[in-house]
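The residues making up each chain are set out below.
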Amino acid sequence: MDMTEEFKAAGFGPADILIPKEGTVLEKWCVVACDQYTSEPAYWEETERIVGDAPSALRLILPELYLEQAGAEERIGSIRQTMDRYLAEGVFAALPQALILTRRTQADGKVRTGLVGAVDLERYDYAAGSATLIRATEGTVLERIPPRVRVRENAPLELPHIMLLIDDKKRSVIEPLAEKRAQYQKLYDTELIQNGGKIEGYLIDPADYPALAAAFGALADPEGFSKRYGKPSDEALLFAVGDGNHSLATAKACYEALKREQGGRAKDSPARYALAEVVNLHDPALEFEAIHRVVFGVDPAHLLSELEQALGAVPGRGEGQSFTCLYQGNRRALTVPHPQANLAVGTLQGFLDGYLAAFGGRVDYIHGAEAAERLSEEPGCIGFLLPDMGKEELFPTVILDGALPRKTFSMGHAWDKRYYLEARRIR
């Protein structure tokens, strides 16, 4: 069992966490989330060079760049073997029923504070329109789950890049713990490669668990929720998935498969839980940025012509929804006066889905305008720069309208994403 009784109502609590043992070179151990730099092999090649033969989380994860490439199954097999070897060789130190306070100093110097623990998959549903305590913030692409299941289903360990958000304007949950961090045992403190800044971790004193569980409970209070959002109290939302939406959906899919196989016994399995980091939406370091689109293998002129006709888009910026098109050195602003979705990303994505189904091509979701601009210079490519979404819009939109269009926003630059460090047994 991975969660104490006092945290069950919150659906998030302490877990049996593993961290690299003392003496591990943490700077080589920690690598960025696997769903970053999916069109930039040079990034992962440089990460390989930096890590070398040192023990590293890089050997325990599959960068999504390689997910659909030849050799993926061999990589997955190697991951499982390395997990078994690291466990047998005592690479990890165990922290039973632990919660870890994290302090991530980003490359820009801003500090983001989080809380690492386990989320109860019984309290989570990624289906659109769900009313569970833990919900997806964006549409889940079901076709993206099976390849990820192949990585997780027989693995003995999980490593988290999932980040859950709480709408805690009063700063009542994580911030009181951060103020006490000097009283806690420091577990790790390391620089992060590839412009990742640095990360510190502190072991929360179990004496603070009751107050923390009560703070979560107050935030999820049905009457308070109903008053804040004008929705029925039985639809209370406590955690919105900020990063790692498909990773958490994969954990859920694996757990549901286990329930079909084992029945009621599965509820006592460690696979019922997933390791994640909770961050306050109102953390000043947390910034939302648009996720841009680059389409590969198309005729940019034809795509733009079809877009203008399908959406009634006009040149320039005006009333409606605007975005910027990039291709082979060209840069054009377009406005859709009568959009088909609430956000520009939804209007554009709806068109792209139809266009690619009809004419072929492939879309990738790019973190950072510079990367999108660079990729759009290649022949047969066209990029779209989208406007940022205000983070204060997140919870009301998810609660009132359901999940956002997929890949609507990113919490910071790619290099600010969560780096793998902690692990947990799931078998």
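The model shown is predicted, which means the values in this text are computed figures rather than measured ones.

Cut-offs applied
- Residues numbered from 1 in each chain as written.
- Predicted model: local features only at pLDDT ≥ 70, side-chain atom pairs only at ≥ 80, totals over all residues.
- Heavy atoms only, no water.
- Core = buried A, V, L, I, M, F, W, Y, C linked by side-chain atoms within 4.5 Å.
- Buried < 20%, exposed > 50% of the residue type's maximum accessible area, 1.4 Å probe, protein only.
- Contact = heavy atoms within 4.5 Å.
- Helix = DSSP H or I, 4+ residues; strand = E, 2+ residues; numbered from the N terminus.
- Pairing = 2+ DSSP bridges.
- Phe/Tyr/Trp six-rings, centres within 6.5 Å; stacked < 30°, edge-to-face > 60°.
- Polar contact = N/O pair within 3.5 Å; in protein donor to acceptor, adjacent residues only side chain to side chain.
- Axes fitted to C-alpha atoms, helices over the stretch in contact; angles between N-to-C directions.
- Parallel < 35°, antiparallel > 145°, perpendicular 65-115°, else oblique.
- Left-handed = near helix turned anticlockwise from the far one by under 90°.
- 1 Å grid on protein atoms, 1.4 Å probe; cavity = no way out; pocket = protein on both sides within 12 Å on 5 of 7 lines; lining within 4 Å.
- Points joined across faces, edges and corners; volume = space filled by probe spheres on them.
- Nonpolar A, V, L, I, M, F, W, Y, C, P; charged D, E, K, R; others polar.

A. Structural detail: the nonpolar core. Residues Ile17, Trp29, Val31, Trp44, Phe92, Ile100 and Tyr420 are the most contacted members of the largest nonpolar core, which totals 50 residues. Residues within four places of Tyr420 in sequence aside, it is in contact with Trp29, Cys30, Val31, Val32, Ala33, Cys34, Ala57, Ile61, Leu159, Pro160 and His161. The next biggest cluster of nonpolar side chains, apart from the first, holds 45 residues, and it includes Phe7, Ile162, Ile204 and Ala266.

B. Main features of the pairing of strand S13 (residues 239-243). Across the five residues that make up S13, a large majority, five, are buried. Examined bridge by bridge, strand S8 (residues 134-136) and S13 share three bridges and lie parallel to one another. Counterpart to Arg135 in the pairing with S13 is Ala240. Direction of pairing for strand S10 (residues 163-166) relative to S13: antiparallel, over a ladder of three bridges. Each residue of the ladder has a partner; that of Met163, found in S13, is Asp243.

C. Spatial organisation of the packing of aromatic side chains. Summed over all chains, the structure comprises 14 aromatic pairs. On the basis of an interplanar angle of 5 degrees and a centroid distance of 3.7 Å, the ring pair of Tyr37 and Tyr43 is categorised as stacked. Centre to centre, the rings of Phe288 and Phe409 are 4.3 Å apart; their planes meet at 10 degrees, and the pair counts as stacked. Of this pair, Phe288 sits in strand S15 (residues 288-296) while Phe409 sits in strand S21 (residues 409-411), and the two are 121 residues apart along the sequence.

D. Representation of the environment of Leu238 within the structure. Note that Leu238 resides in the loop between helix H7 (222-229) and S13. Spatially, the C-alpha atoms of Leu238 and Ile134 are 6.2 Å apart, while their sequence positions differ by 104 residues. Those residues within four positions of Leu238 in sequence are excluded, and the remaining contacts are Ala10, Leu133, Leu165, Ile166, Phe216, Leu219, Ala220 and Phe395.

E. Summary view of the environment of Glu277. Structurally, Glu277 can be placed in strand S14 (residues 273-280). Residues Glu277 and Arg104, 173 residues apart in the sequence, show an inter-C-alpha distance of 12 Å. Setting aside residues up to four positions removed in sequence, Glu277 forms contacts with Thr102, Gly114, Leu115, Val116, Ile162, Met163, Leu164 and Arg418. Side chain to side chain, Glu277 and Thr102 meet in a polar contact 2.5 Å long.

F. Quick peek at the pairing of S14. In terms of burial, S14 is largely enclosed, as eight of its eight residues are buried. Going residue by residue along S14, you find Tyr273, Leu275, Glu277 and Val279 tucked away on one face and Ala274, Ala276, Val278 and Asn280 tucked away on the opposite face as well. Looking at chain direction, strand S6 (residues 111-120) and S14 are connected through seven bridges and run antiparallel. For Val116, the partnering residue across the bridge sits in S14 and is Glu277. Here S10 pairs with S14 via four bridges, running parallel. Across the sheet, the residue bridging to Leu165 is Val279, located in S14.

G. Layout of the packing of helix H4 (residues 145-152) against helix H8 (residues 245-262). Running from N to C, H4 and H8 point in directions that differ by 70 degrees, and their axes come no closer than 9 Å. It follows that H4 is roughly perpendicular to H8 by the angle criterion. The element H4 and its partner H8 pack so that their crossing is right-handed. On H8, the residues touching Ile145, Arg148, Val149 and Arg152 of H4 are His246, Ala249, Thr250, Ala251, Ala253 and Cys254.

H. Examining the side chain of Thr408 more closely. By the secondary structure assignment, Thr408 is in the loop between helix H12 (394-401) and S21. For Thr408, a relative accessible area of 5% translates into the label buried. Once residues within four sequence positions are removed from consideration, Thr408 is found in contact with Glu138, Glu289, Ala290, Ile291, Leu343, Val345 and Met389.

I. Seen up close, empty space enclosed by the protein. Overall, the coordinates contain three cavities of 30 Å³ or more when judged by the stated rule. Residue lining of the largest cavity: 37 residues in total, with Cys34, Glu64, His161, Ser247 and Tyr420 positioned closest to the centre. Secondary structure elements with two or more residues in the lining of the largest cavity: H4, strand S9 (157-158), S13 and H8. Here the lining of the largest cavity takes four residues from H8, the largest share from any one element. A breakdown of the residues in the lining of the largest cavity according to their chemical character gives 17 nonpolar, ten polar and ten charged. One number sums up the size of the second largest cavity: a volume of about 90 Å³. Counting residues per element, the ones that place at least two in the lining of the second largest cavity are strand S5 (100-105), strand S11 (185-192) and strand S22 (419-420). Residue composition of the lining of the second largest cavity, grouped by class: seven nonpolar, one polar and five charged.

Function cannot be inferred from these measures alone, as they are strictly geometric.
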